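# Reading the structure
Here are the chains, one letter per residue:
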Amino acid sequence: MEAVILILTLLFVAFMALGVYAGVKAVRAAKRGVDRTITQARRSVEDTALRAKSYGQPGVPGELAQLRLALRTSMRATQEALNAGAAEDASLAESLNLFHRLSAHGRELDHDLKRLEREPDRATVASLLPGLKERTERITHSAESLRWAARDRARQFADDDLAALNAQIDVEAGALRHWTTEEPQTHGGDAAGHHWTAPADEPSPQAITSPDPRPGGYPWQKSAKPETTN
């Protein structure tokens, strides 16, 4: 009886621990979902504000907003393309590692641009704009190279798979229409449908079936010698 009670107690504790573990996992997953939603909402608000500044504010503030918007748009598109491709193509893992290193430079540049937006000395910021533009173009160019290479790779795989599928479908379609293929006709009992040709040193079948007009039998037979009577 004590053993039964001990077993039931252990099962109860195990179920309680499993329930606590599942609850913690669910809470963490919900927290990650909330954090992701908040991050996306904050990103959308910032992008909308940058787009408004790039069109509504002339001069240095507008140019800084354009640089930030171009940088963020290019980096986000590349990240989405690589993440989507890496789920199906393991060879993109190295590309993701390179993008993570590039993202560090992109975040640093975005922070610099954001700080310069609040800089009151517009003349100094204007003198820094050429270098900031070159830096932005280098980062966005590298991101676009990774993005389009991943897309071209995925498209090439899709084209190859489609070509192989078309070939298989053509073969299957031909097999399904087997009745349209002309059956070979047999001649003279030959299953392959070919005429039998006698070798050069043998007589043709016509010679076998036709009686020899000459006395003495067939041409290939030796004439029998007349028996001599003594």
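### Some points on helix H4 (residues 122–176)
- Over its 55 residues, H4 runs 76 Å from end to end, which matches the ideal 81 Å to within 8%, given 1.5 Å per residue.
- Taken residue by residue, H4 has Val125, Leu129, Leu132, Thr136, Ile139, Thr140, Ala143, Leu146, Arg147 and Ala150 as its buried positions.
- Structurally, H4 contributes buried residues whose contacts are with helix H2 (60–86) and helix H3 (93–117).

### Some thoughts on the nonpolar core
- Judged by nonpolar contacts, the single largest core of 20 residues is most densely connected at Leu64, Met75, Leu109, Leu113, Leu129, Leu132 and Ile139.
- At the level of secondary structure, the elements contributing two or more residues to this core comprise H2, H3 and H4.
- The element best represented in this core is H4, accounting for 7 residues.

### Considering the packing of aromatic side chains
- This structure, assessed with the given rule, holds 0 aromatic pairs.
- A cation over a ring is seen here: Arg151 above Trp148, with NZ or CZ 4.9 Å from the ring centre.

### Notes on the environment of Leu69
- Position of Leu69 relative to the elements: it lies in helix H2.
- What makes Leu69 buried here is its relative accessible area of 14%.
- Taking the C-alpha atoms as reference, Leu69 lies 9.3 Å from Asp110; in sequence the two are 41 residues apart.
- Apart from residues no more than four positions distant in its own chain, Leu69 is found in contact with Asp47, Leu50, Arg51 and Ser54.

### Section: the packing of H2 against H4
- In the contact formed by H2 and H4, the axes pass within 9 Å of each other and the chain directions differ by 15 degrees. Considering the angle they form, H2 stands roughly parallel to H4. Of the two elements, H2 crosses H4, and the hand of that crossing is left-handed.
- Considering only residue class, the contact of H2 with H4 consists of 18 nonpolar, 4 polar and 6 charged.

### Structural notes on a nonpolar patch on the surface
- A surface patch of nonpolar side chains, about 750 Å² in accessible area, is lined by Val4, Ile7, Leu8, Leu11, Phe15, Leu18 and Tyr21.
- With respect to the helices and strands, the residue Phe15 is situated in helix H1 (residues 2–56).

### Looking at the pattern of salt bridges
- On inspection of all chains with the given rule, the structure shows 9 salt bridges.
- Between Asp112 and Arg115 there is a salt bridge, with its nearest N and O atoms 3.2 Å apart. Placement of both Asp112 and Arg115 in helix H3 is noted, with a separation of 3 residues, approximately one turn of the helix.
- Arg115 gets classed as partly exposed once you look at its relative accessible area, which sits at 47%.
- Residues Arg135 and Asp112 are paired through a salt bridge, measuring 3.1 Å at the closest nitrogen-oxygen approach. Taken together, the residues span a long stretch of sequence, with Arg135 in helix H4 and Asp112 in helix H3 at a distance of 23 residues.
- Under the relative-accessibility criterion, Arg135 is labelled partly exposed at 28%.

### Notes on the packing of H2 against H3
- As a packed pair, H2 and H3 sit with axes 10 Å apart at the nearest point and diverge in direction by 160 degrees. Classified by the interaxial angle, the pair formed by H2 and H3 is roughly antiparallel. Read as a crossing pair, H2 and H3 show a hand that is left-handed. Between H2 and H3, the residues in contact are Leu64, Ala65, Leu67, Arg68, Leu71, Arg72, Met75, Thr78, Gln79, Leu82, Asn83 and Ala86 and Ser95, Leu96, Phe99, Leu102, Ser103, Gly106, Leu109, Asp110, Leu113, Lys114, Leu116 and Glu117, respectively.

### What about the confidence of the model for the protein?
- The share of residues in the protein with pLDDT of 70 or more is 71%, and the mean pLDDT across the chain is 77.
- Per-element confidence in the protein is highest for H3, whose mean pLDDT is 92, and lowest for helix H5 (residues 205–209), whose mean pLDDT is 50.
- Predicted confidence is poor over residues 215–223, with pLDDT under 50, and the contacts of this stretch with residues over four places away or in other chains come to 11 contacts.

Rules used in this analysis
- Here the residue numbering is sequential within each chain, running from 1 through the sequence in written order.
- Only residues with pLDDT of at least 70 are given local features in this predicted model, and only at 80 or more are side-chain atom pairs given and counted; all residues enter the totals for whole chains, interfaces and linings.
- Excluding hydrogens and water, the side-chain values take into account all heavy atoms of the structure.
- Strands here mean DSSP runs of E at least two residues long; helices mean DSSP runs of H or I at least four residues long; both are numbered from the N terminus.
- What a helix should span is 1.5 Å times the count of its residues minus one.
- Throughout, exposure labels follow a simple rule: accessible area from a 1.4 Å probe, protein chains only, divided by the maximum for the residue type, with under 20% read as buried, over 50% as exposed, and the rest as partly exposed.
- Pairs of residues are marked as contacts when any of their non-hydrogen atoms sit within 4.5 Å.
- What we call a nonpolar core is a set of buried Ala, Val, Leu, Ile, Met, Phe, Trp, Tyr and Cys residues that are connected through their side-chain atoms within 4.5 Å.
- Aromatic rings from Phe, Tyr and Trp, taking only the six-membered ring of Trp, are treated as a pair when their centres fall within 6.5 Å; an angle between ring planes under 30 degrees marks them as stacked, one over 60 as edge-to-face, and anything in between as tilted.
- Distance and angle both matter: a charge sits over a ring if NZ of Lys or CZ of Arg is within 6 Å of the ring centre and within 35 degrees of the ring normal.
- Axes here mean lines fitted to C-alpha atoms, for a helix over just the part in contact, with angles spanning 0 to 180 degrees between N-to-C directions.
- When describing relative orientation, an angle under 35 degrees is termed roughly parallel and one over 145 degrees roughly antiparallel, while 65 to 115 degrees is termed roughly perpendicular and anything else oblique.
- Take the far helix as your reference; a near helix turned counterclockwise from it by less than a right angle gives a left-handed crossing, and one turned clockwise gives a right-handed crossing.
- All residues other than Ala, Val, Leu, Ile, Met, Phe, Trp, Tyr, Cys, Pro, Asp, Glu, Lys and Arg, Gly among them, are scored as polar; the first ten of these are nonpolar and the last four charged.
- What goes into a patch is any residue over 30% in relative accessible area without a salt bridge, connected to like charges within 9 Å or, for nonpolar side chains (Val, Leu, Ile, Met, Phe, Trp, Tyr), within 5 Å.
- Each accessible area is a Shrake-Rupley estimate made with a 1.4 Å probe; only the visible protein chains count as cover when residues are assessed.
- Here, a salt bridge means any side-chain nitrogen of Lys or Arg that lies within 4 Å of a carboxyl oxygen of Asp or Glu.
- As a per-residue measure, pLDDT reflects the predictor's confidence and takes values from 0 up to 100.

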